[in-house]
Amino acid sequence: MTVKQISVFVENKAGKLAELTEYLHENQIDMRALSIAEAQDFGIVRMIVDDAYKTSCILKEAGYVASITPVLAVEMPDEPGSLFHILKLLGDGGVNLEYMYAFLTRKQATAYMVLRVENNEKAIEILNRKGIHTISQDSLANL
């Protein structure tokens, strides 16, 4: 199971991120996770939202350059060592991690991480074999 991540190029200037989030607010888009990677002139805003298709459409209508990428949202116990366990399984299985960021929910005692890996199917197979649950796009609303 994967979730849809939206990546948006945003100019690296004061107020531009506020403009993006204001636009999302005006269109009733619920952000579930957010990561920003900055460069000299532009940043890449990566986000998990409640409705990726709607978000992608409204961003393109507003002139933003945006793309959708399937990523893993992994559920784990909120305790020391949980992330290490998952990363070790993936590394031992030969799955390269490109980047990751945290995912906040209302669910107590559970943590979530968004993982971008080279091979989603292989990563899902490795994690599922060890009882580690990945989240589907449809289940985001229930978290």
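Residues numbered from 1 in each chain as written. Predicted model: local features only at pLDDT ≥ 70, side-chain atom pairs only at ≥ 80, totals over all residues. Heavy atoms only, no water.

S.K.: I'd love a proper account of helix H2 (residues 52-61), names of residues and values included.
M.R.: Burial in H2 covers these residues: Ala52, Thr55, Ser56, Ile58 and Leu59. Residues of H2 that are buried make contact with strand S1 (3-11), helix H1 (16-26), strand S3 (42-49) and strand S4 (65-77). Just downstream of H2 lies glycine 63, where phi reads positive at about 95°. (Buried < 20%, exposed > 50% of the residue type's maximum accessible area, 1.4 Å probe, protein only. Helix = DSSP H or I, 4+ residues; strand = E, 2+ residues; numbered from the N terminus. Contact = heavy atoms within 4.5 Å.)

S.K.: Describe in detail the environment of glycine 43, supporting the description with residues and values.
M.R.: By secondary structure assignment, the location of glycine 43 is in strand S3. Relative accessible area serves as the criterion here: at 9%, glycine 43 is assigned to the buried category. For the pair glycine 43 and valine 10, spaced 33 residues apart in sequence, the C-alpha separation works out to 5.3 Å. Apart from residues lying up to four places away in sequence, glycine 43 is in contact with Val8, Phe9, Val10, Ala37 and Glu38.

S.K.: Explain a nonpolar patch on the surface to me, and be specific about the residues and the numbers.
M.R.: Where nonpolar side chains cluster on the molecular surface, the patch consists of Leu17, Met31, Leu34 and Ile36 and spans about 310 Å² of accessible area. Here the element with the most residues in the nonpolar patch is strand S2 (residues 31-38); it accounts for 3 residues. Along the chain, the position of methionine 31 falls in strand S2. (Patch = residues over 30% accessible without salt bridge, like charges linked within 9 Å, V, L, I, M, F, W, Y side chains within 5 Å. Areas by Shrake-Rupley, 256 points an atom, 1.4 Å probe, with all protein chains shown as cover. Salt bridge = Lys/Arg side-chain N within 4 Å of Asp/Glu carboxyl O.)

S.K.: I'd like to hear about the packing of aromatic side chains, residue by residue, with values.
M.R.: Here the structure, examined in full by the defined rule, presents 1 aromatic pair. Ring geometry for phenylalanine 103 against tyrosine 112: centres 5.7 Å apart, planes inclined by 45°, an arrangement best described as tilted. Both residues of the pair, phenylalanine 103 and tyrosine 112, belong to the buried class. Lying over the aromatic face of tyrosine 99, arginine 46 brings its terminal NZ or CZ to 3.9 Å of the ring centre. (Phe/Tyr/Trp six-rings, centres within 6.5 Å; stacked < 30°, edge-to-face > 60°. Lys NZ or Arg CZ within 6 Å of the ring centre and 35° of its normal.)

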